[in-house]
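# Analysis of the macromolecular model
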Amino acid sequence: MTEPANVLRPLKAGWRTVFRVGWPRTDKDRAAAMISSFFLHVHSAKVKPNSLRASYTLGLGLVSFYLLMVLVVTGVALMLYYTPSPADAYRSMKDLGFVVTFGPVLRNMHRWAAHAMVIAVFLHMCRVFFTGAYKAPRQFNWVVGVSLLLLTLGLSFTGYLLPWDQLAFWAITVGSNIAGYAPWLGDDLKYLLLGGTIIGPGALLRFYVLHCVILPGAAMTLVAVHFFRVRKDSLSAPPAPAPAPVAEAAPGRFPASTRSYGLMALTDRPAQPVVEADPDEDVMAWPHLLHRELLLLLALLVALHVVSLVFNAPLEELADPTRTPNPAKAPWYFLGLQELVHYSALIGGVIIPTILVLALVLIPYLDRTPHGVGVWFARERRRANWIFGVFAVVAVILTLVGTFFRGPNWAWVWPWTG
Amino acid sequence: MKDPKDSGARTDNEQTRRRFLFTTGTTTVVAGVVGFLGATARFLFPNVLYEPPSRFPVGRPDDFPPGTATFLRNQRLFVFNGDAGFYAISSICTHLGCNVNHVPGDGFACPCHGSLFDANGQVVRGPAPKPLAWFGLSLSPRGELIVDEQRLVEPDYRFKV
């Protein structure tokens, strides 16, 4: 009979083939752990302490990414019960709602995460603008980000049709007819999107493939590019403040002897005074960045689960092309657009959105001043922030008006008169 | 890896075999990819549509009593039997494709974005950009009214049986 240690040795050796560094106990190993892992090497080994400040990024990019991952996982699960044909789609939804174990929870999670992702991506864009983080050398990554915002909307919109209920059918009727207003290309665009002239089996299949294959593939690719460029250019960060006095260590950087350091102090890093920190003040990504990321993931998953257990995703009656609900509304994130479309389909539905998207894409190439990067609402950028802020607020107001203040025949109603 | 015969005296514009092959090869690859993408783009436009026919019977003239408006849900149109004859008006709002509701004596109202049309389907209030479509009618050999959605007619159109 061999000693236990000898039994464990091949296991340990095998473990080491997977995790070459093992549990890192020194800064050198922590760096090696980050660099040698496929999944972790998206981080650099060290990060600027200021870019870790929650009050700077609000974690919105990461939240968007987490939501995308939740959507992929729940979405693939839902695909196992969903048939993309008008005869079966609605029945699949009923199955998911009533006979599949945890079906409602997964569907709710998919729906609420999709809504949350639209909000998170929008807020992330606002954050990047208000901190001037799109400036050189990060101009093109802003463009990638705008593309990701559009892909997020496209993913949400294509997913909206799949339940094949009244809500889905009429939202997509309105949405696809807006596409038909595009000059010259309009009719072809609509024909291409629907695979025909009506919202029928062909359209449902196209939306399904767009929703499950084409758009997620494009989004994942662009997310990889987005992250790669963040990694290469580093996260924008506030300029390092003047060297902090010893008593107030910079965030995330504590001598190992500090008791409040708690669990994160499980380190054999030699206690060193902060004043002797390396000149660029960077901290190890493991654990400072990693712990924050995991904490945020935990918080997000808890929140999503609570919401999904309490609130059910809507499912109306089976789609009926002969009966238009009154009012017929697009998905909420397009209700600002629908409000504009109510005044004019061509101007509100095509021209204004096109100009807005072009303006968004061109922002980093129009605003080439190097000032105010890494600071919220920098004084030097007051004018730019005002312009962007007004547009963002108007978009939000239009969306709120379309959602809460429009009743039958798109007439004005007060939400409390219901 | 210097070509032993390369004296270095060649000018930039001179055509070498290597450059010729490179240009030819690259052009071929680009042409191939563009052709392939073009074919794929065309592939995305279906040639045959399995959609309801645009010319269909809606019933016998007797089914529509004089002075009435009948909404045919499945065909998404109204059939009127007026003083001067039959006429058919589409219920599809020209704005964004919702079904308009018939308001007897008044016209049509769209539930989606508030467009109003008069009794002839002409736009009274936006955002609809065009009047409602009028479809041509005919009588089948079996005596049924036939609506032809491909044949658009003017609002003075009446069909006498």
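About the criteria used
- Residues numbered from 1 in each chain as written.
- Chains lettered and ligands numbered in written order.
- Predicted model: local features only at pLDDT ≥ 70, side-chain atom pairs only at ≥ 80, totals over all residues.
- Helix = DSSP H or I, 4+ residues; strand = E, 2+ residues; numbered from the N terminus.
- Buried ≥ 20, exposed ≤ 12 C-beta atoms within 10 Å, placed from the backbone.
- Contact = placed C-beta atoms within 7 Å.
- Rg over C-alpha atoms; globule rule 2.2 N^0.38 Å.
- pLDDT = per-residue confidence, 0-100.
- Nonpolar A, V, L, I, M, F, W, Y, C, P; charged D, E, K, R; others polar.
- Pairing = 2+ DSSP bridges.
- Axes fitted to C-alpha atoms, helices over the stretch in contact; angles between N-to-C directions.
- Core = buried A, V, L, I, M, F, W, Y, C linked by C-beta atoms within 7 Å.
- Parallel < 35°, antiparallel > 145°, perpendicular 65-115°, else oblique.
- Left-handed = near helix turned anticlockwise from the far one by under 90°.
- Expected span 1.5 Å × (residues − 1).

### What about the overall build of chain A?
Scanning chain A for helices and strands turns up 14 helices and two strands. Looking at chain A as a whole, 32% of its 418 residues qualify as buried. The long-range fraction of contacts in chain A, counting pairs at least 24 apart against all pairs at least 6 apart in sequence, stands at 74%.

### Looking at the overall build of chain B
Check the secondary structure of chain B and you find one helix and ten strands. Helices (α) and strands (β) of chain B occur, in sequence order from the N terminus, as α-β-β-β-β-β-β-β-β-β-β. In terms of overall dimensions, chain B is more spread out than a globule: its C-alpha atoms have a radius of gyration of 31 Å, far above the 15 Å expected for 161 residues. For chain B, the spread of C-alpha atoms along the three principal axes comes to 100 × 40 × 25 Å. Contacts spanning at least 24 positions in sequence make up 36% of the contacts within chain B whose residues lie at least 6 apart.

### What about the confidence of the model for chain B?
All names here are of chain B. When pLDDT is averaged across chain B, the result is 87; 92% of the residues are at 70 or more. Confidence, expressed as mean pLDDT per element, reaches its minimum in chain B at strand β8 (residues 123–125) with 88 and its maximum at helix α1 (residues 17–43) with 94. Across the predicted assembly, pTM comes out at 0.83 and ipTM at 0.76.

### Some details on the interface of chain B and chain A
At the interface, 20 residues of chain B touch 28 residues of chain A. Tallied by class, residues from the side of chain B that touches chain A come to eleven nonpolar, six polar and three charged.

### What about the sheet that holds strand β4 (residues 85–90) of chain B?
Residue and element names in this part refer to chain B. Strand order across the open sheet formed by six strands is β1-β10-β9-β4-β3-β2, with antiparallel pairing between neighbours. Each edge of the open sheet is held by one strand with a lone partner, namely β1 (55–59) and β2 (69–72). In this sheet, neighbouring strand axes are inclined to one another by 30° on average, regardless of whether the strands run parallel or antiparallel.

### Description of the sheet that holds strand β7 (residues 116–117) of chain B
All names here are of chain B. Strand order in the open sheet formed by four strands is β5-β6-β7-β8, with antiparallel pairing between adjacent strands. Of all the strands in the sheet, just β5 (101–103) and β8 have a single pairing partner and so form its edges. Relative to β7, strand β6 (residues 107–109) is paired through two bridges, and the arrangement is antiparallel. From the neighbouring strand, Phe108 faces β7, where its bridge partner is Phe117.

### A short note on the nonpolar core
Generally speaking, soluble globular proteins have nonpolar side chains that are buried together. Residues Leu67, Ala113, Met117 and Ala168 of chain A together with Ala88 of chain B are the most contacted members of the largest nonpolar core, which totals 93 residues. Here this core gets twelve residues from one element, more than from any other, and that element is helix α6 (residues 103–130) of chain A. Membership of the second largest hydrophobic core comes to eight residues, among which are Leu52, Met284, Ala285 and Leu289 of chain A.

### A look at the pairing of strand β9 (residues 134–139) of chain B
All names here are of chain B. Of the pairings in the sheet, the one linking β4 to β9 comprises two bridges and is antiparallel in character. Paired with Ala88 across the two strands is Phe135, which belongs to β9. In this sheet, strand β10 (residues 145–152) lies alongside β9 in antiparallel orientation, the contact comprising five bridges. Considered in β10, the bridge of Leu139 is made with Leu145. Where β9 folds back on β10, the antiparallel hairpin that results is connected by five residues, among which Gly143 adopts a positive phi of roughly 85°.

### Things to note about the environment of Ser36 of chain A
All names here are of chain A. Along the chain, Ser36 turns up in helix α2 (residues 27–36). C-alpha of Ser36 to C-alpha of Arg323: the two residues are 287 residues apart in sequence and 59 Å apart in space. Residues in contact with Ser36, not counting those within four places in the same chain, are Arg20 and Val21.

### Re the environment of Pro314 of chain A
Residue and element names in this part refer to chain A. Inspection of the secondary structure puts Pro314 in the loop between α11 (285–310) and α12 (335–343). The class for Pro314 is exposed, based on 10 C-beta atoms found within 10 Å. It is 23 Å that separates the C-alpha atoms of Pro314 and Pro216, two residues lying 98 residues apart in sequence.

### Digging into the packing of α6 of chain A against helix α7 (residues 139–161) of chain A
Residues and elements named next belong to chain A. Running from N to C, α6 and α7 point in directions that differ by 160°, and their axes come no closer than 10 Å. When the axis of α6 is compared with that of α7, the two are roughly antiparallel. For the pair α6 and α7, the sense of crossing is left-handed. Contacts between α6 and α7 involve Ala114, Met117, Val118, Val121, Phe122, Met125 and Val128 from the first element and Trp142, Gly145, Leu148, Leu149, Thr152, Leu153, Ser156 and Gly159 from the second. Of the residues in the contact of α6 with α7, the class split is eleven nonpolar, four polar and no charged.

### With respect to unusual backbone geometry
Residue and element names in this part refer to chain A. Pro137 follows Ala136 through a cis peptide bond whose omega is 5°. Considering the arrangement of structural elements, one finds Pro137 in the loop between α6 and α7. Between Trp286 and Pro287 the backbone carries a cis peptide bond, its omega angle lying at 10°. Turning to its location among the elements, Pro287 is positioned in helix α11. Look at Phe102: it is not a glycine, yet its phi comes out positive at around 60°. Relative to the helices and strands, Phe102 resides in the loop between α5 (86–98) and α6. Accessibility expressed as a C-beta count within 10 Å gives 11 for Phe102, which makes it exposed.

### Some points on the environment of Gly195 of chain A
Position of Gly195 of chain A relative to the elements: it lies in the loop between α9 (186–194) and α10 (201–233). For Gly195 of chain A, a count of 21 C-beta atoms within 10 Å translates into the label buried. For the pair Gly195 of chain A and Val73 of chain A, spaced 122 residues apart in the sequence, the C-alpha separation amounts to 28 Å. Residues contacting Gly195 of chain A, with those up to four places away along its chain left out, are Gly202, Ala203 and Arg206 of chain A together with Pro46 of chain B.

### With respect to helix α8 (residues 166–179) of chain A
Residue and element names in this part refer to chain A. Given a rise of 1.5 Å per residue, 14 residues ought to cover 20 Å, and the 20 Å separating the end C-alpha atoms of α8 matches this to within 8%. With twelve of 14 residues buried, α8 lies mostly within the body of the structure. Turning to α8, its buried residues are Leu167, Ala168, Phe169, Trp170, Ala171, Ile172, Thr173, Val174, Gly175, Ser176, Asn177 and Ile178. Those residues of α8 that are buried are in contact with α7, α9, α12 and α13 (345–366).

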